[in-house]
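Analysis of the macromolecular model
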Amino acid sequence: MTTTISLTRTDRPKAKPRDEELSFGKFFTDHMFLMDATADHGWHSPRVVPYGPLSLDPSAAVLHYSQEIFEGLKAYRSPRDTILLFRPDKNAARLNRSAARMCMPPVDEAMFLDAIKAVVATDRDWVPGAPGTSLYIRPAMIATEPFLGVRPAQTYSFFIILCPVGAYYAEGFNPVRILVEDHYVRAVKGGTGEAKTGGNYASSLASAEEAHHKGYSQVLWLDGVERKYIEEVGSMNIAFVIDNALVTPSLSGSILDGVTRDTTIQLAKDWGIRVVERPITIEEVFTASHNGRLQEAFGMGTAAVISPVSELAYKDEKLTISNGKVGPLAQRLFDEISDIQRGVKPDPHGWVVEIH
Ligand SMILES: *Cc1c(COP(=O)(O)O)cnc(C)c1O
């Protein structure tokens, strides 16, 4: 990459939160990465600047027609005090698939990685070191052109912001209760479910609110046409252990191609576990449970890594999974992935990238 990234340091560094104060998405570091594009001339002016508000025209396309995409990954502090990224190439490739779907300009994948390295290196003192903590990295792209009209914008900004985040399981590795959504739908084949775009989340809020009122922390989405095939959880993919095999919905075109999902599949195969990616109905999961064949269920995503499911509620029926406890495969995957990410265990697949 020949483009140099300019650096303007803040003259007002913030007080850093203590590790015990950390939660998700609440504190932001001193700097951010920013660059701009015109549809004709591509990206220019890559820079690391003090963290602060963006200036946008009220008519900016993103504010009206949601031409927006984002990514999410983490930087980890290893016991040797090095700063490590986990599979950032997967995020770069997915950003560009999302960009293509939303008619936005691609970001050179080497540039994406250089930008992350530059801003994380600038704020490396913000990467927390306590067990389970990390620095969450949020790259995002927005359409900035001041124009009201439904067509791809002519100008864009790409930025990366960083937040130190606490251990996801502050009170231990706790299973979650999930409501199977049978009214709202998240995505359909041919829609935008495969893209990491803000609109998918805006449209999920009503469902999540209703689930919270009923005492569930998340919803499990079913397919948008027949309402019977399992898709994914809010911001995680889902997997089941049935008859000792790991079963997870195939990438059908309406779910997100998660990095943690891919990592889970690879590790399970390495361990000699049978992995099946196929359509799976909610009926089948309930039947497997009634027949004593459903052993575990868990979500997979960057924020939580592995999120064991203790209960599924669908219509009037409730299912308790793994006796409400953390299953052995969920535990093994959580430990292994967390240890690889933190540079504690060997990295046979070359997933870890060090930031110098
Ligand atoms: C980001 C996301 C995931 C998880 O992807 P990871 O790359 O594993 O973090 C799953 N589903 C949706 C809808 C997402 O937005």
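Just so it is clear, the structure is predicted and the values come from calculations on it, not from any experiment. (Residues numbered from 1 in each chain as written. Predicted model: local features only at pLDDT ≥ 70, side-chain atom pairs only at ≥ 80, totals over all residues. Heavy atoms only, no water.)

**Here's the deal with the domain arrangement of the chain**
To be explicit about the condition: Segmentation into domains, and thus their bounds, comes from an automatic or database assignment. Buried area adds together the accessible area that both of two parts lose upon being put together, with accessible area traced by a 1.4 Å probe. Basic side-chain nitrogens of Lys or Arg form a salt bridge, by our definition, when they fall within 4 Å of a carboxyl oxygen of Asp or Glu. We define a polar contact as two N or O atoms separated by no more than 3.5 Å, with the added condition that, inside protein, one atom must be a possible hydrogen donor and the other a possible acceptor, whereas residues neighbouring each other in sequence contribute only through side-chain atom pairs. Counting from the N terminus, the helices are the DSSP runs of H or I reaching at least four residues and the strands are the DSSP runs of E reaching at least two. Classification convention: Asp, Glu, Lys, Arg as charged; Ala, Val, Leu, Ile, Met, Phe, Trp, Tyr, Cys, Pro as nonpolar; all other residues, Gly among them, as polar.
Taken as a whole, the chain is organised into domain 1 (6–166) and domain 2 (176–341). The straight-line distance from the C-alpha centre of domain 1 to that of domain 2 is 27 Å. When the two sides are added together, the surface that domain 1 and domain 2 hide from each other amounts to roughly 1,700 Å², 56% of it contributed by carbon and sulfur. Contact with domain 2 buries area across many residues of domain 1, yet Phe 70, Phe 86 and Arg 94 alone supply 34% of it, more than any other trio. Scanning the region where domain 1 abuts domain 2 turns up 3 salt bridges. In this structure, the salt-bridge partner of Arg 97 is Asp 257, at a minimum N-O distance of 3.4 Å. One can count 13 residue pairs in polar contact (both at pLDDT 80 or more) joining domain 1 with domain 2. Listing elements by their share of the side of domain 1 that touches domain 2, those giving two or more residues are strand E4 (68–70), strand E5 (73–77), strand E6 (83–86) and helix H2 (88–101). In terms of residue count, H2 provides more of the side of domain 1 that touches domain 2 than any other element does, 6 residues in total. Across the side of domain 1 that touches domain 2, the residue classes break down as 8 nonpolar, 4 polar and 8 charged.

**Overview of the pattern of salt bridges**
Selection rule: For every residue, the accessible area obtained with a 1.4 Å probe (protein chains only) is divided by the maximum for its type, and the residue is called buried under 20%, exposed over 50%, and partly exposed between those limits.
In this structure the tally under the stated criterion is 18 salt bridges. For Glu 21, the salt bridge is made with Arg 18, and the minimal N-O distance between the two is 3.7 Å. The exposure class of Glu 21 is partly exposed, given its relative accessible area of 36%. Across the pair Lys 345 and Glu 336 runs a salt bridge, and its minimum N-O distance is 2.9 Å. Since its relative accessible area comes to 35%, Lys 345 is described here as partly exposed. A network of salt bridges, in which partner residues are shared, links Arg 18, Glu 20 and Glu 21.

**Quick notes on the environment of Thr 263**
The condition is simple: We call two residues contacting when some pair of their heavy atoms lies within 4.5 Å.
Along the chain, Thr 263 falls in helix H6 (residues 259–270). Under the relative-accessibility criterion, Thr 263 is labelled buried at 1%. For Thr 263 and Lys 196, which are 67 residues apart along the polypeptide, the C-alpha to C-alpha distance reads 18 Å. Sequence-distant contacts of Thr 263, that is, excluding residues within four places in its chain, are made with Phe 86, Arg 87, Ile 337 and Trp 351. A polar contact of 2.9 Å, which involves the side chain of Thr 263, links it to the side chain of Arg 87.

**What about the site of the ligand?**
For the record, the criterion: Whether a residue is near a molecule or strand depends on its heavy atoms: it is near if one of them lies within 4 Å of it. Note on areas: Shrake-Rupley with a 1.4 Å probe; residue coverage comes only from the protein chains shown.
In the neighbourhood of the ligand, 15 residues make up the surrounding shell, with Lys 196, Tyr 201, Glu 232, Thr 260 and Thr 302 lying closest. Take Glu 232: an N or O atom from its side chain is 2.5 Å from a nitrogen atom of the ligand. In the environment of the ligand, an oxygen atom lies 2.7 Å from a nitrogen or oxygen atom belonging to the side chain of Thr 260. Burial of the ligand by the protein amounts to 97% of the accessible area it has alone, namely 380 Å². In terms of residue class, the shell around the ligand is made up of 4 nonpolar, 7 polar and 4 charged.

**Things to note about the pairing of strand E16 (residues 305–314)**
So the rule is basically this: One bridge is not enough; two strands pair if DSSP finds at least two bridges between them.
Where burial is concerned, most of E16 is hidden: 10 out of the 10 residues are buried. Inspection of the sheet shows strand E9 (residues 176–180) paired to E16 by 4 bridges, in the parallel sense. Within the sheet, the bridge partner assigned to Ile 178 lies in E16 and is Leu 312. In this structure, strand E15 (residues 294–301) lies alongside E16, joined through 4 bridges in antiparallel fashion. Across the sheet, residue Gly 299 finds its bridge partner in E16, namely Ser 307. Counting the residues between successive antiparallel strands, the hairpin from E15 to E16 contains 3 residues.

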